[in-house]
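If you want the building blocks of each chain, they are given just below.
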Amino acid sequence: MATGKLIVFVCILVLFLVLLKTRLSSCQQFAIPFQQPSHCGSEKYFDISSLSCVQCGINQVRSVSGTSCVCQVSHRVVSSNGGAITCQKCPADSKPGVTQDGFDCIRCPRGLNAEGKCQCPPGSILVERSRNGLLLDEGICETCNGTEPSFAVPNLFGDRCVRCQETYINTTNSCECGQTNMPAGGLCFPQNNLPTTVVSVINYAQLAISVQSVWFAKNMQAVAAACLIYSNLTACQALGNMCVMNLNSLSSVNNDACGLFNTIYRSTAALGSVQMISFWRANLPWLYYGDQTGLASRVLFTESFPASFSFKGAAQNTNIQFTAAVYNVKGNFLKWQNVKGGTLQLCPDTVIRLNAAYRFGTTYRQSCQIPLSKILTDFPEPIFYDIYMDFSSGSGQKSLWAVPVRNLNLQYNGQFVNQGDNLNNWYLTRRIFLVDTLSGRENTLANQPKVIRVATKITISIQLEPNTRKGAIKTPLMTVSYTDILVSDPDTQSVSVSFSVDYEMNQSEAQIQTDIALGVLGGMAALYSLLKTASWKRQVGSPLIDLQAQLFVTVLLPLNVQEKRFVTYVGCAFTLKAVQFLHKIISQLSIDIFFIDWERPRGKVLKTAEGNGDIKSAPAPVSIWRTYFVANEWNELQTIRKISPVFQIFAVLFFLEVVGFSNLALMDPSSDLRRDPQSYQAPWNLILRYGVATSMWLVIGFLQVIFFTVFYERFVEDKIRQFVDLCSMSNISLLLFSNRCFGYYIHGRSVHGHADTNMEEMNLNLKREAENLCGQRGLLPNTDIQTFQVSITNKMRLQYDRIREPLSRITGPSRLLDSSANPFEQSTKAYHTMNKFLGSFIDHAHREMDYIVKDKLLMERVLGMEFIEPMEKSLFYNDDSHSFSDVLYYGNEATLLIFDTLFFCIVDIGTQDFVLAAVLTYVQQKVFQLIRNATGRKNLASKTLVDERFLI
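Residues numbered from 1 in each chain as written. Predicted model: local features only at pLDDT ≥ 70, side-chain atom pairs only at ≥ 80, totals over all residues. Heavy atoms only, no water.

Considerations on the overall build of the protein
Step number 1: Along the backbone of the protein there are 20 helices and 39 strands.
Step number 2: Sequence-distant contacts in the protein: of pairs separated by 6 or more residues, those separated by 24 or more amount to 63%.
Step number 3: Total accessible area on the protein stands at roughly 50500 Å², and carbon and sulfur atoms take up 57% of it. (Helix = DSSP H or I, 4+ residues; strand = E, 2+ residues; numbered from the N terminus. Contact = heavy atoms within 4.5 Å. Areas by Shrake-Rupley, 256 points an atom, 1.4 Å probe, with all protein chains shown as cover.)

So this is what it looks like as structure tokens:
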């Protein structure tokens, strides 16, 4: 019984373990350990199928690649099926060596090498099989005949004799170079004027390190000698490439790459030049535009490119055709290649966007970050380019125009001569490369480079021919800047690269014109400021000018090179316009204003006298509601404008962003408003962007002003003229002073005598006025002019201030208040006193403070100032244009429109975002409108003695 229970328990335990193992297996996440070939050691290889280390078989070791196994030394291959192999040890007594193919054992005539295979002395080859493939019992060392006529030496694998290199035969008539000659790079050269040693060290100035370049050490002396002695074209190109890899730098050292090149250049002067170019020596690549100072300016500006560009018409030509002669690092010519499609652009992009760089007039900008691992993969060795620009000659044949290169990293005697702005110090070159991953390799070419060089910034500058309208250009200039990069971890490192095309022109004439414009406009502004200051001094009653006038000018120069200066001009213009705008608001918020009520009592009322209870008759009170009503209407007029700000903003955004006028500010020659989103978008030009935005804002604003002035105010409503009519119907006049002794007067005295009446009498009055059965509304008899500009005397102003003095005490410091006085009573008394005084003044009741009415002279209207200063009598100038709106937003639309325009443009210049600029412009409009309304209401209540609670 116990045994049966034990058996059941064991079965259940086994079943549980099986289920547990199955459960664990089903929970695996398909994860494998990470292993590399270097992790496998010498007795294991890396299985590329299982991605793991697998033990090699008996008598086997890991291969050099690490992905297979090979037989141990002195072991031959018994069988091999392309995967697994079987190895067997060779008998050490009879046939200890292994054949070259590894499948047989053999007896060696001269012993074994480190790999367990037969070896022969230099100049001999090893023979292991007969001509029909039968294995020999013992290998044979056959000596190659190195004399005439055979001139044979062992080949690279040592299994056959081949003819030795031709330079050995030419130099010594044998396959030996001899002690008096110079072997280099597998070649033999006789003694020549080249240095016997070469500098194969590459100095990386940016990193302050040096690298012993294995490529230079192996090849530089050989290619230099082959170029000089045998005029080997490929060798000369390879030597030129080495000089370019050394950044074309020149120094007193004559055994580096550029030193050797220039030595050969000078020693081959007798060979002459090619292509009629003095800098291009026969058999040599064209690397420099000479080695004299001052040549750069002659190369760039002496001759013009022999073709013109046009955007329209039969001669339309907008494509810039660059063609490159392409060479590999060994000096072989590869092909002629059109640079379109990203040949010179390291950043990946669509073909359309890449090719946009070569559309004439399009300022091109491209930049990106490229992983270092991608650069090492895509550029195992450098490719070299000689850049030319295509054009058609007179016969229609395609010709090429060389494009000079300004290498910013070129050093002349240790100085970076090309980094300054002085053209006379520049040394222009020809050949460029994009990436050099070869010269920075040490020890062996299979090693990863220690340092690489990348052309991180390439700029093509095209300068327009001055004083011509034929689309002619000077010789284009390519500027290249290289960056030295120390390779540490390619998977995490990256490189910032850029490519650009710029267009320039001589700005000297434009600068002169700008200076003239600034001088003329500045002088006119100063003169106008003096006139306005003199006018203001008269209006405030001050006899002296005690401050200097301020002036500002703006200038538009739609040229890219003037952007910084132009932005400064715009910033100054905005600052000064903002000062003017704030000054106008502050002035409007401090005006003196009063409503003169002409209404007189109609009858009398009985009134109980205070104290004794006696009943007396008194004039019937005049209703204040007409004054409140007119004051409210004036309050509503304070911020109305001749345009709709909301419509202005939406219309500007619609035309800029929806219609596409903003595309006109791109630095390209296209006038299309719609652009393909897949095509390249040129950078914004701040001057053009400002011009487009300003033009759009001002044109839409001007059209709005025309619409409101010509149509809306004439056929819908004109609030300014309606206010004047309201004053007349309300029997209330308005007198306001924008300055101490200057202001405006609206004559609202009713021709009907009374305005405080019922509806029936009001309609009757309007009918009589329409039928000309009553007098006219004008201040003077038989005139209709109701609005005037007022220039008052100092005596009149002093009396005005004297009446308002008690009110100033009320709103002033508490120490000046009279505790016994009732502020409300003082305010009421001051109101009635002021109303009576101003009414009597208008009625000519004060001989010592009288006035005359006249028209302004034409020049007074044009200059905006009064020539006559009021001394004994005040002056009322007839004003048909309702210029009292100058104390409102309405009369300052030009200032508001220009301020909004400059604000919009300043924000856009800083952010290059029209939408954000529009939003912030709307916000500032609303903020200033709220400030103007709130503060203007308080000033209105304070100056007119109307309780602020009634201003709604």
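Observations regarding the sheet that holds strand β38 (residues 851-854)
Two pairing modes exist for strands in a sheet, parallel and antiparallel, and in both the strands are linked by backbone hydrogen bonds.
Step number 1: Spatially, the 6 strands line up as an open sheet ordered β32-β35-β36-β37-β39-β38, and their pairing is mixed. Single-partner strands in this sheet number two, and they are β32 (592-597) and β38. Sheet twist, expressed as the mean angle between neighbouring strand axes with direction ignored, is 20 degrees.
Step number 2: Pairing of β38 with strand β39 (residues 874-878), which is carried by 4 bridges, proceeds in the parallel orientation. Opposite Lys854, over in β39, you have Tyr877 as the bridge partner.
Step number 3: The strands touched by helix α11 (residues 625-637) within the sheet are β32 and β35 (732-739), with β32 carrying the most contacts at an inclination of about 145 degrees. (Pairing = 2+ DSSP bridges. Axes fitted to C-alpha atoms, helices over the stretch in contact; angles between N-to-C directions.)

Notes on the side chain of Gln366
Step number 1: Within the secondary structure layout, Gln366 lies in strand β22 (residues 364-371).
Step number 2: With relative accessibility at 9%, the residue Gln366 sits in the buried group.
Step number 3: Here the side chain of Gln366 touches Cys347 through a polar contact of 3.4 Å, landing on its backbone oxygen. (Buried < 20%, exposed > 50% of the residue type's maximum accessible area, 1.4 Å probe, protein only. Polar contact = N/O pair within 3.5 Å; in protein donor to acceptor, adjacent residues only side chain to side chain.)

Re helix α5 (residues 257-267)
Step number 1: Most of α5 is tucked away, with 9 of its 11 residues classed as buried.
Step number 2: Within the span of α5, buried status applies to Ala257, Cys258, Gly259, Leu260, Phe261, Asn262, Thr263, Ile264 and Tyr265.
Step number 3: On its buried face, α5 sits against α3 (214-230), α4 (233-245) and β18 (277-281).

Re unusual backbone geometry
Negative phi is the rule for most residues except glycine; trans is the rule for most peptide bonds.
Step number 1: Along the chain, Glu148 connects to Pro149 via a cis peptide bond; the corresponding omega equals 5 degrees.
Step number 2: The residue Pro149 is located in the loop between β10 (135-143) and β11 (152-154) in this model.
Step number 3: Of note, Leu247 is a non-glycine position whose phi angle comes to about 65 degrees, a positive value.
Step number 4: Inspection of the secondary structure assignment puts Leu247 in the loop between α4 and α5.
Step number 5: Residue His844 is not a glycine yet carries a positive backbone phi of 60 degrees.

Section: the packing of helix α19 (residues 893-911) against helix α20 (residues 914-944)
Step number 1: Remark: α19 packs on α20, axes separated minimally by 8 Å, with the N-to-C direction vectors making an angle of 140 degrees. Relative to α20, the element α19 is oriented oblique. Of the two elements, α19 crosses α20, and the hand of that crossing is right-handed. Contacts between α19 and α20 involve Phe899, Asp900, Phe903, Phe904, Val907, Asp908 and Thr911 from the former and Phe914, Leu916, Ala917, Ala918, Leu920, Thr921, Gln924, Gln925 and Phe928 from the latter. (Parallel < 35°, antiparallel > 145°, perpendicular 65-115°, else oblique. Left-handed = near helix turned anticlockwise from the far one by under 90°.)

Here's the deal with the pairing of strand β28 (residues 451-463)
Step number 1: In terms of residue burial, β28 counts as a mostly covered element, since 11 of its 13 residues are buried.
Step number 2: Pairing of strand β27 (residues 435-436) with β28 involves 2 bridges; the strand directions are antiparallel. The partner of Asp436 across the bridge, within β28, is Arg453.
Step number 3: Bridge count for β28 against strand β30 (residues 477-486) is 10 bridges, and the pairing is antiparallel. Looking across to β30, one finds that Arg453 is bridged to Asp484.
Step number 4: Here 7 bridges tie β28 to strand β31 (residues 494-504), and the two strands are oriented parallel to one another. When the sheet's bridge partners are listed, Thr459 is paired in β31 with Ser500.

Section: helix α17 (residues 823-842)
Step number 1: Taking 1.5 Å of rise per residue, 20 residues should cover 28 Å, and α17 covers 28 Å from first to last C-alpha, within 8% of that figure.
Step number 2: Where α17 is concerned, the buried positions are Ala830, Tyr831, Met834, Asn835, Phe837, Leu838, Gly839, Ser840, Phe841 and Ile842. (Expected span 1.5 Å × (residues − 1).)

What to know about the packing of aromatic side chains
Step number 1: Scanning the entire structure with this criterion turns up 47 aromatic pairs.
Step number 2: For the ring pair Phe305 and Phe309, a centre distance of 6.4 Å and an interplane angle of 15 degrees mean the geometry is stacked. Residues Phe305 and Phe309 agree in their burial class; the two are buried.
Step number 3: Every member of this aromatic cluster is reached through a ring pair, and the members are Phe305, Phe309, Phe360, Phe391, Trp401 and Tyr503.
Step number 4: When the ring centre of Phe914 is taken as reference, the NZ or CZ atom of Arg689 above it lies at 3.9 Å. (Phe/Tyr/Trp six-rings, centres within 6.5 Å; stacked < 30°, edge-to-face > 60°. Lys NZ or Arg CZ within 6 Å of the ring centre and 35° of its normal.)

Describing the environment of Ala307
Step number 1: With respect to the element layout, Ala307 can be found in strand β19 (residues 304-308).
Step number 2: Those residues within four positions of Ala307 in sequence are excluded, and the remaining contacts are Phe391, Gly471 and Ala472.

Concerning the state of the cysteines
Step number 1: Considering all chains together, one arrives at 11 disulfides under this definition.
Step number 2: Paired by a disulfide, Cys56 and Cys69 hold their sulfur atoms 2.0 Å apart. The sign of the S-S torsion, about -80 degrees, decides the handedness of the disulfide formed by Cys56 and Cys69: left-handed. Remark: Cys69 occurs in strand β4 (residues 69-71) and Cys56 occurs in the loop between β2 (52-55) and β3 (60-62); sequence separation between them is 13 residues. The pair formed by Cys56 and Cys69 is uniform in burial state, with each residue classed as buried.
Step number 3: At a sulfur-sulfur separation of 2.0 Å, the disulfide partner of Cys71 is Cys87. A torsion of -85 degrees about the S-S bond marks the disulfide between Cys71 and Cys87 as left-handed. Within this pair, whereas Cys71 is found in strand β4, its partner Cys87 is found in strand β6 (residues 85-89), the two being separated by 16 residues in sequence. Summarising the burial analysis for this pair, Cys71 and Cys87 share the class buried. (Disulfide = S-S within 2.5 Å.)

Thoughts on the side chain of Gln704
Step number 1: Here Gln704 shows up in helix α13 (residues 686-715).
Step number 2: Assessed through its relative accessible area of 6%, Gln704 is described here as buried.
Step number 3: Gln704 has contacts with Lys642, Ile643, Ser644, Phe647 and Gln648, leaving out every residue within four places of it along the chain.

Some words on the pattern of salt bridges
Step number 1: Enumeration according to the criterion identifies 21 salt bridges in this entry.
Step number 2: With a closest N to O distance of 2.9 Å, Asp378 and Lys374 form a salt bridge. Note that Asp378 and Lys374 are positioned in helix α8 (residues 372-378) at a spacing of 4 residues, about one turn of the helix.
Step number 3: With a shortest N-O distance of 2.7 Å, Arg641 and Glu893 are connected by a salt bridge. Within this pair, whereas Arg641 is found in the loop between α11 and α12 (645-659), its partner Glu893 is found in helix α19, the two being separated by 252 residues in sequence. Each member of the pair Arg641 and Glu893 is classed as buried.
Step number 4: When salt bridges with common partners are traced through the structure, they connect Asp592, Arg797, Asp801 and Lys943 into a single cluster. (Salt bridge = Lys/Arg side-chain N within 4 Å of Asp/Glu carboxyl O.)

Here we look at the packing of helix α10 (residues 563-588) against α20
Step number 1: Relative to each other, α10 and α20 sit at 25 degrees, their axes nearing to 9 Å. Between α10 and α20, the angle falls in the class roughly parallel. Residues Phe581, Leu582, Ile585 and Gln588 of α10 form the contact with α20, whose participating residues are Phe928, Arg932 and Asn939.
Step number 2: Class assignment for the residues of the contact of α10 with α20 results in 4 nonpolar, 2 polar and 1 charged. (Nonpolar A, V, L, I, M, F, W, Y, C, P; charged D, E, K, R; others polar.)

Structural notes on the environment of Asn181
Step number 1: Among the structural elements, Asn181 can be located in the loop between α2 (166-172) and β13 (182-184).
Step number 2: Classification of Asn181 by relative accessible area gives buried; the value is 15%.
Step number 3: In sequence terms Asn181 and Thr171 are 10 residues apart; their C-alpha atoms lie 8.0 Å from each other.
Step number 4: The residues contacting Asn181, other than those within four sequence positions of it, are Thr171, Thr172, Cys188, Phe189, Pro190 and Gln191.

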